[in-house]
Amino acid sequence: AIFKSLRPGHPANLHSIVKTIYQLVKDSNGNRELLSIKQYDANFMAALQPCIFYKEFKADYAHVYLLHPSPKCQLMVKEIFPGCQNPTPLDSRAQRKKLQQLKLASTTAVVAFK
């Protein structure tokens, strides 16, 4: 329901929805806007909510999470969390753990470059 309001007319396929979540977005006037990492994380986790308790995810959503913050944040996360680019098993426990590690690294990165 949340994504029907955020992405009207977008297919309901979870993977296609998750792939549209970015930290750098365009507002209703077409201007680029950098969301806070907290807002990016909230949007991303809201998109994952329908499958968060599945035993296995259909895709490496932790990898998608890593690719969609701002380029500056991505570089900082890679410095803070060197293993962040390693593929993550699709079982939900491994994915949730990696997502938490990425969230922590992203938050730390934002604090570091303020």
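Residues numbered from 1 in each chain as written. Predicted model: local features only at pLDDT ≥ 70, side-chain atom pairs only at ≥ 80, totals over all residues. Heavy atoms only, no water.

1. What about the packing of aromatic side chains?
Here is step 1: Applying the stated criterion to the full structure yields 4 aromatic pairs.
Here is step 2: For the pair tyrosine 40 and phenylalanine 44, a centre-to-centre distance of 6.0 Å together with 50° between the ring planes defines the contact as tilted. Pair noted here: tyrosine 40 and phenylalanine 44 are both in helix H3 (residues 37–48), with a separation of 4 residues, about one helical turn. The residues tyrosine 40 and phenylalanine 44 share a single accessibility class, namely buried.
Here is step 3: With a centroid separation of 5.6 Å and 55° between ring planes, the pair formed by phenylalanine 57 and tyrosine 61 is classed as tilted. (Phe/Tyr/Trp six-rings, centres within 6.5 Å; stacked < 30°, edge-to-face > 60°. Helix = DSSP H or I, 4+ residues; strand = E, 2+ residues; numbered from the N terminus. Buried < 20%, exposed > 50% of the residue type's maximum accessible area, 1.4 Å probe, protein only.)

2. A short note on the pattern of salt bridges
Here is step 1: Tallying each qualifying case throughout the model produces 1 salt bridge.
Here is step 2: Between lysine 103 and aspartate 41 there is a salt bridge; the shortest N-O distance is 3.4 Å. Note that lysine 103 is positioned in helix H6 (residues 92–112) and aspartate 41 in helix H3, a separation of 62 residues in sequence. (Salt bridge = Lys/Arg side-chain N within 4 Å of Asp/Glu carboxyl O.)

3. So, helix H5 (residues 71–80)
Here is step 1: Within the span of H5, buried status applies to Cys73, Gln74, Met76 and Val77. The buried residues of H5 occupy an angular sector of 165° when projected down its axis, which confines them to one face. Opposite the packed face of H5, turned more than 90 degrees from it, sit the exposed residues Pro71, Leu75 and Glu79.
Here is step 2: Where H5 is buried, its residues touch H3, helix H4 (61–67) and H6. (Arc of directions from axis to C-beta. Contact = heavy atoms within 4.5 Å.)

4. Points about the packing of H5 against H6
Here is step 1: For the pair H5 and H6, the least separation of the axes is 8 Å and the interaxial angle reads 115°. With respect to their mutual orientation, H5 and H6 come out roughly perpendicular. Of the two possible hands of crossing, H5 and H6 adopt the one that is right-handed. The segment H5 lies against H6, with Cys73, Met76, Val77 and Ile80 engaging Leu102, Ala105, Ser106, Thr108, Ala109 and Ala112. (Axes fitted to C-alpha atoms, helices over the stretch in contact; angles between N-to-C directions. Parallel < 35°, antiparallel > 145°, perpendicular 65-115°, else oblique. Left-handed = near helix turned anticlockwise from the far one by under 90°.)

5. Concerning H6
Here is step 1: With 21 residues, H6 ought to run about 30 Å at 1.5 Å a step, and its terminal C-alpha atoms sit 30 Å apart, in line with that.
Here is step 2: Residues of H6 that are buried include every one of Ser92, Gln95, Lys98, Leu99, Leu102, Ala105, Ser106, Ala109 and Val110, and no others. Angular distribution of buried residues about the axis of H6 spans 150°; they occupy a single face of the element. Summarising the geometry of H6, the exposed residues directed more than 90 degrees from the buried face are Arg93, Lys97, Leu104, Val111 and Ala112.
Here is step 3: In the core, the buried residues of H6 are packed alongside H3, H4 and H5. (Expected span 1.5 Å × (residues − 1).)

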